[in-house]
Amino acid sequence: MAEPLGTLTRTHSCGALRLEDVGADVVLLGWVHRVRDLGGLLFVDIRDRAGLTQVVFDKDDEALMAKAKRLRSEFVIGVEGRVRRRSPDTVNPKLVTGDVEVVVRRLALLNEARTPPFPVADDTPVSEDVRLKYRYLDLRRPRLQANIGLRHRVTTAIRQFFDANGFWEIETPILTKSTPEGARDYLVPSRVHPGEFYALPQSPQLFKQILMIGGVERYVQICRCFRDEDLRADRQPEFTQVDVEMSFARPETIFGVIEPLMLEVFRVIDKEIAIPFPRMGYAEAIATYGSDKPDLRCGMPIQDLRDLFRESPFRVFKEIVAGGGTVRGVLVKEASAYSRSEVDGIVELAKQLGAAGLVWARRTADGAITSSIMKALGEEGVRGLLDGAGAAQGDLLLVAAGEPDATSRLLGQLRLNLARQKGLLDPNEYAFTWVVDFPLLEWNPEERRYVSMHHPFTAPHDEDHDRLEAEPGRVRAKAYDLVLNGSEIGGGSIRIHDATLQRRIFSLLNISPEEAKLRFGFFLEALEYGTPPHGGIALGLDRLCAILAGEGSIREVIAFPKTANAVDLMSAAPSPVDRRQLRELHITTRQ
């Protein structure tokens, strides 16, 4: 039976005691981590979120020893006793408390525990479904304790930074208006307005812009957002972002705030990073890395090799270039260790990624030249190709041809696969870049219309206004993404602050004036009351914390994540509701 806490009051955490505490009377409260029964002595490691302390029960106190022998893993206990120095042969250098132990004179058994379905005392691999079902146990384990503690320190550093820089933290509504444009909304039925619905916010976009209209000037919020979309390792139906908006801002204004913020965030893990971050245009990112979120740690940029094939005897590539296509290649440095079968495996991988074909050429370690198109080009032609690509002895050149963006995206995926194989993506290296000058619009062939690449409130480049109706696909946006190690950790833009321009953008998106008024009428009206130029960014807190923690999935830095099927295994949500609730909400369901 559980004992009451009574007047038992913690004096120290389980990670606090040191040699200077020897002789002190202390009270520790926590969970039983491990029990070691040596007959005459019983050693128990007691754990709280701050660490572990070894406590000792002596056979001389028979009643206390008998009670202590009932202890099992994860029992909740309180101990009162005196700190003593461990003998030299029992010091544990792996623990910060390893020089001392507590000799117990009083034990309170505050609660018992069933045998856990997996070990809590260490990070023994456990299936994710089991971990999520028993998340309250998983949260006690060292890995998640460290990750959740890191997340707390990161959010604290973020709040302190923005407060010191004149930002106000303001909560925006959770129950808001559905304005779908991109991912699906989560809808919430209104009981008092039958047939009408709120939406959970995909972002506070319109509200933070209205705060700028309201004269707030500098806003920040660590906010929950919701998107009903297919999930991946870095996606959740509910997620957290650091939402920022500033009046009278240009892109450089945003960069000038976010880069120093990243300095402070990385100091949380004792890492120094260099600012300013490099900037790269969207077109350059696609052409050179095959992605708008390039991972710069491994080098291996994609090269344009068209000029080497304009008059080439290799007719396939020559005809592609003549038809307006491209030839591009990736140079894999020091690849002499690849056998011919491994090179053939790379070609097969390229086909699995969607390539019609992939050709290769290399200088072996002894200087010999080999190539899959040796017959077509001849040795001198292959030598010229390798020279043109800057290949040194031992380097492997991989070449693909076709439509420019598709060719680069293919080589970009291949580049990252090879970088992982060669161990070139150092988790302790942090490569930031700003990707800028995104297209404002992209063509959706299914809907046969232009859609916003970011969102419909993004401002076009000033010099591109005249192209909006004539060449909408060539209009650049004042948009920017912050990319870290191949992951987009933030995206933002300068916003449209002129109601006339906003209506032009809606028209380009096939949003009629009537639909615009229905969906965004309150916002369009607000724009007409003296809206300052403004812009902002949203940083993905979950993604950022996962990178800081060295985790591959954001589920490892979220206390209560969902599965890939958007299910909470612990609480069994979503779940059916009582029919009476549905009637009150004027909802009927069908199978």
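The text that follows walks through the structure, step by step, so that each part is easy to find.

Parameters and conventions
Position numbers for residues start from 1 in each chain and track the written sequence from start to end. For this predicted model, a pLDDT threshold of at least 70 governs which residues receive local features, and a threshold of 80 or more governs which side-chain atom pairs are given and counted, while totals over whole chains, interfaces and linings are taken from all residues. The basis for every side-chain value is the complete set of heavy atoms in the structure, and neither hydrogens nor water enter the calculation. By nonpolar core we mean a set of buried residues, namely Ala, Val, Leu, Ile, Met, Phe, Trp, Tyr and Cys, connected to one another through side-chain atoms within 4.5 Å. Each residue is placed in one exposure class: buried if its accessible area under a 1.4 Å probe, protein chains only, is under 20% of its type's maximum, exposed if it is over 50%, and partly exposed if it falls in between. The secondary structure listing takes helices from DSSP runs of H or I that are at least 4 residues long and strands from runs of E that are at least 2 residues long, numbered from the N terminus. Any two residues whose heavy atoms approach within 4.5 Å at even a single point are treated as in contact. Two strands qualify as a pair provided DSSP detects at least 2 bridges between them. To obtain an axis, a line is fitted to C-alpha atoms, over the contacting stretch when the element is a helix, and the angle between two such axes runs from 0 to 180 degrees between their N-to-C directions. Salt bridges, as used here, are contacts in which a Lys or Arg side-chain nitrogen is within 4 Å of a carboxyl oxygen on Asp or Glu. Patch membership requires more than 30% relative accessible area and the absence of a salt bridge. Residues of like charge join within 9 Å; the nonpolar side chains Val, Leu, Ile, Met, Phe, Trp and Tyr join within 5 Å. Residue burial considers only the protein chains on display, and all accessible areas are found by Shrake-Rupley using a 1.4 Å probe. As used in this structure description, the phrase polar contact means that two N or O atoms lie within 3.5 Å; if the pair is within protein, one of them must be able to donate a hydrogen and the other to accept it, and residues adjacent in sequence are counted only when both atoms belong to side chains. Two rings from Phe, Tyr or Trp (for Trp, the six-membered ring) form a pair when their centres sit within 6.5 Å of each other. Planes less than 30 degrees apart are called stacked, planes more than 60 degrees apart edge-to-face, and all others tilted. His is not counted, nor are the chain ends; Lys and Arg add positive charge and Asp and Glu add negative charge. Charge coordinates come from a single atom per side chain, which is NZ of Lys, CZ of Arg, CG of Asp or CD of Glu. Oblique is the label for any angle not covered by the other classes, which are roughly parallel (under 35 degrees), roughly antiparallel (over 145) and roughly perpendicular (65 to 115). By convention, the crossing between two helices is left-handed when the near helix turns anticlockwise from the far helix through less than a right angle, and right-handed when the turn is clockwise.

The next thing to look at is the nonpolar core. Judged by nonpolar contacts, the single largest core of 44 residues is most densely connected at Phe 162, Ile 258, Met 262, Phe 266 and Phe 432. The leading source of residues in this core is helix 6 (residues 251–267), at nine residues. Apart from residues lying up to four places away in sequence, Phe 432 is in contact with Met 262, Phe 266, Ile 273, Phe 277, Pro 278, Leu 296, Leu 482, Val 483, Leu 484 and Ile 489. Grouped together as the second largest cluster of nonpolar side chains are 32 residues, Leu 206, Phe 438, Phe 506 and Leu 527 included.

Let's shift gears to the sheet that holds strand 1 (residues 25–37). Pairing between the strands of a sheet is mediated by backbone hydrogen bonds and can be parallel or antiparallel. If you trace the five strands once around the closed barrel, you get 1-2-3-5-4, paired in mixed fashion. Across the sheet, the mean angle from the axis of one strand to that of its neighbour is 55 degrees, orientation sign disregarded. Sheet topology places strand 1 next to strand 4 (residues 76–85); seven bridges connect them, and they run antiparallel. Counterpart to Gly 30 in the pairing with strand 4 is Ile 77.

A word on the pairing of strand 1. In the sheet, strand 1 pairs with strand 2 (residues 41–48) via six bridges, with the strands oriented antiparallel. Residue pairing in the sheet places Val 32 in a bridge with Ile 46 of strand 2. Counted along the chain from strand 1 to the antiparallel partner strand 2, the turn is three residues long, and its residue Gly 39 has a positive phi close to 85 degrees.

The antiparallel open sheet is built from five strands, whose spatial order is 12-13-16-14-15. At either margin of the open sheet sits one strand with a lone partner, and together these are strand 12 (302–304) and strand 15 (369–371). Each strand of the sheet is rotated relative to its neighbour by a mean of 25 degrees, with strand direction disregarded. One ladder, built from three bridges, connects strand 12 with strand 13 (residues 326–332); its direction is antiparallel.

Now for the pattern of salt bridges. Taken as a whole and assessed by the stated rule, the structure comprises 50 salt bridges. We note a salt bridge from Arg 143 to Glu 551, for which the minimum N-O separation is 2.7 Å. Taken as a pair, Arg 143 in helix 4 (residues 142–164) and Glu 551 in the loop between helix 14 (541–549) and helix 15 (579–584) lie far apart in primary sequence, 408 residues in all. A relative accessible area of 33% means that Arg 143 is categorised as partly exposed. In this structure, Lys 478 engages Asp 462 in a salt bridge whose closest nitrogen and oxygen atoms are separated by 2.8 Å. With Lys 478 in the loop between strand 19 (449–452) and strand 20 (479–484) and Asp 462 in the loop between strand 19 and strand 20, this residue pair connects regions lying 16 residues apart in the sequence. Here the salt bridges share partners, and the residues they tie into one network are Arg 131, Arg 135, Asp 138, Arg 141, Arg 143, Glu 551 and Glu 556.

On the surface, Tyr 136, Phe 560 and Met 570 cluster together into a nonpolar patch covering about 290 Å² of accessible area. Along the chain, Phe 560 falls in the loop between helix 14 and helix 15.

Another aspect to go through is the side chain of Gln 221. Of note, Gln 221 is situated in strand 9 (residues 218–226). A polar side-chain atom of Gln 221 sits 3.2 Å from the main-chain carbonyl oxygen of Ile 170. Once residues lying within four places of it in the same chain are set aside, the contact partners of Gln 221 are Glu 169, Ile 170, Glu 171, Thr 172, Pro 204, Gln 241, Val 242 and Asp 243.

Moving on, we get to the packing of aromatic side chains. Counted by the stated rule, this structure contains 17 aromatic pairs. Between Phe 255 and Tyr 480 the ring centres are 5.4 Å apart and the planes differ by 85 degrees, which places this aromatic pair in the edge-to-face class. Of this pair, Phe 255 sits in helix 6 while Tyr 480 sits in strand 20, and the two are 225 residues apart along the sequence. In this structure Phe 255 comes out as buried when scored by relative accessible area, which is 2%. With 4.9 Å between their ring centres and 70 degrees between their planes, Phe 266 and Tyr 430 make a pair best called edge-to-face. One end of the pair, Phe 266, is in helix 6; the other, Tyr 430, is in the loop between helix 11 (404–421) and strand 17 (432–436), and 164 residues separate them in sequence. Here Phe 266 matches Tyr 430 in class, with each residue buried. Grouping aromatic residues by their ring pairs yields a cluster made of Phe 266, Phe 277, Tyr 430 and Phe 432.

Glancing now at the side chain of Thr 288. With respect to the secondary-structure elements, Thr 288 resides in helix 7 (residues 282–289). Setting aside chain neighbours within four positions, we find Thr 288 in contact with Pro 301 and Ile 302.

Looking along the chain, the bond that leaves Ile 275 and enters Pro 276 is cis, with omega of 0 degrees. Counting through the fold element by element, Pro 276 comes out in the loop between helix 6 and strand 11 (279–281). Along the chain, Ala 573 connects to Pro 574 via a cis peptide bond; the corresponding omega equals 0 degrees. Take Pro 574: it is sitting in the loop between helix 14 and helix 15. You will see that Asn 485, though not glycine, has its phi angle at about 50 degrees, which is positive. Secondary-structure assignment places Asn 485 in the loop between strand 20 and strand 21 (487–494). Note on Asn 485: relative accessible area 13%, which makes it buried. Even without being glycine, Asn 510 reaches a positive phi, approximately 60 degrees. With respect to the helices, strands and loops of the structure, Asn 510 is situated in the loop between helix 12 (499–508) and helix 13 (513–527). Looking at Asn 510, the relative accessible area reads 53%, which means it is exposed.

Let us now look at the environment of Val 27. By the element assignment, Val 27 lies in strand 1. Note on Val 27: relative accessible area 8%, which makes it buried. Taking the C-alpha atoms as reference points, Val 27 and Gln 421, separated by 394 residues in sequence, lie 52 Å from one another. Apart from the residues lying within four places of it in its own chain, the contact partners of Val 27 are Leu 8, Thr 9, Arg 10, Thr 11, His 12, Val 79 and Glu 80.

Attention now goes to a negative patch on the surface. A surface patch of negative charge is lined by Asp 58, Asp 60, Asp 61 and Glu 62. Tracing the sequence through the fold places Asp 58 in strand 3 (residues 51–58).

Where helix 4 meets helix 6, the closest approach of the two axes is 9 Å, and the angle between their N-to-C directions is 140 degrees. As the angle between them shows, helix 4 and helix 6 are arranged oblique. For the pair helix 4 and helix 6, the sense of crossing is right-handed. Contact residues: Val 154, Ala 157, Ile 158, Phe 161 and Phe 162 in helix 4; Val 257, Pro 260, Leu 261, Glu 264 and Val 265 in helix 6.

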